[in-house]
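Here's the letter readout for the chains.
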Amino acid sequence: MGGLGIMGGAFAKAVRQHILSQSGATGRVLACNRSTACLSQVMAEGVADAVFTADTVAEMLPQCDVVFICLYPHATLDFMREHKEHFKSGAIVTDISGVKGIFEQAMPQLLRDDVDFIIGHPMAGGEKEGYAHSDAAFFVNHNYILCPTPFNKSENLALMRTLVAELGFTRITETTCDIHDYKIGFTSQLCHVIASALVESAEDPEITAFGGGSFEDLTRIALINAPLWTELFIANKEKLVAHIERFERQIERFKTYIADSDSDRLRDLLSHTREQRLKMGAIRTVKK
């Protein structure tokens, strides 16, 4: 595990609990993190067999058959660039980032021929940051997205599918990096933009005193990790800006119908919205 925050910690715990402890498989969990506080904790809890820092990660990587890099997107690229010669021959390396196009473009230049980088995205996690808030249960019954590329070996993709299923993921979706970034741009990044804009639009900080839950439901994700989401938004800016512009057009329709007291068009629009949302829910249910 490279990076032992909430997601790196969750992967380490899930490997320990779901694979090594329950299945009886042999193997070790090696963890690396820049700060050392969580390294003491991961050892005290029996999650990791050995820990490493940024200064000693070059000693860890030659021992690893599978490496989860749990860093921000550009930090992941920097890690791959810096440690290109340190990976074990035959190793499988993967990421957890919320954007994928940058990896598809960069990896052919960053990889050795005997190392395979499988682009992946676990659709799970928690709102708080840090190893202390990580949980192996994050992954149970959740979706994992894989983005196979021409440079991936088929046997490594098969192993990765098996591994993420054993970690608790029950729906593995395979797609291209371009489709991933388009859809995640809508279902995740746009939603974070909208939630943040809604919070910013409040003129009265006491306005939520009259809330009944709608505001809270809509803005939970506005409790945002600013450095991470800034990087994600800009890395996917073309697709995200296009989604924002389509959303703006729909907001304008609602504003116009309400301002004009056009109840017929507003009612039709709301009815269509309900039908669309029901279809979206039905599609998700079928795909599970």
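The preceding data block contains the structure.
Caption draft 1: Structural context of the pattern of salt bridges. Per the counting criterion, the structure on display carries 10 salt bridges. Here Arg-161 and Glu-174 are joined by a salt bridge, their closest N and O atoms 2.4 Å apart. Remark: Glu-174 occurs in strand S7 (residues 171-174) and Arg-161 occurs in helix H6 (residues 154-166); sequence separation between them is 13 residues. Note on Glu-174: relative accessible area 39%, which makes it partly exposed. Of the charged contacts, one joins Asp-178 and Lys-239 as a salt bridge, the two residues approaching to 2.9 Å between their closest N and O atoms. Here Asp-178 is found in helix H7 (residues 177-200), whereas its partner Lys-239 is found in helix H10 (residues 237-259), with 61 residues between them in sequence. Given a relative accessible area of 49%, Asp-178 falls into the partly exposed group.

Caption draft 2: Region of interest: the nonpolar core. Residues Leu-4, Phe-11, Phe-68, Phe-139, Tyr-144, Met-160 and Leu-167 are the most contacted members of the largest nonpolar core, which totals 35 residues. Elements supplying a minimum of two residues to this core: helix H1 (6-21), helix H2 (37-44), strand S6 (143-147) and H6. In terms of residue count, the dominant contributor to this core is H1 (nine residues). Excluding its chain neighbours within four sequence positions, the residues that come into contact with Leu-167 are Phe-11, Ala-14, Val-15, His-18, Ile-19, Phe-68 and Phe-139. Ile-102, Leu-110, Leu-111 and Leu-232 belong to the second largest nonpolar core, which has 31 residues in total.

Calculation notes
Residues numbered from 1 in each chain as written. Predicted model: local features only at pLDDT ≥ 70, side-chain atom pairs only at ≥ 80, totals over all residues. Heavy atoms only, no water. Salt bridge = Lys/Arg side-chain N within 4 Å of Asp/Glu carboxyl O. Helix = DSSP H or I, 4+ residues; strand = E, 2+ residues; numbered from the N terminus. Buried < 20%, exposed > 50% of the residue type's maximum accessible area, 1.4 Å probe, protein only. Core = buried A, V, L, I, M, F, W, Y, C linked by side-chain atoms within 4.5 Å. Contact = heavy atoms within 4.5 Å.

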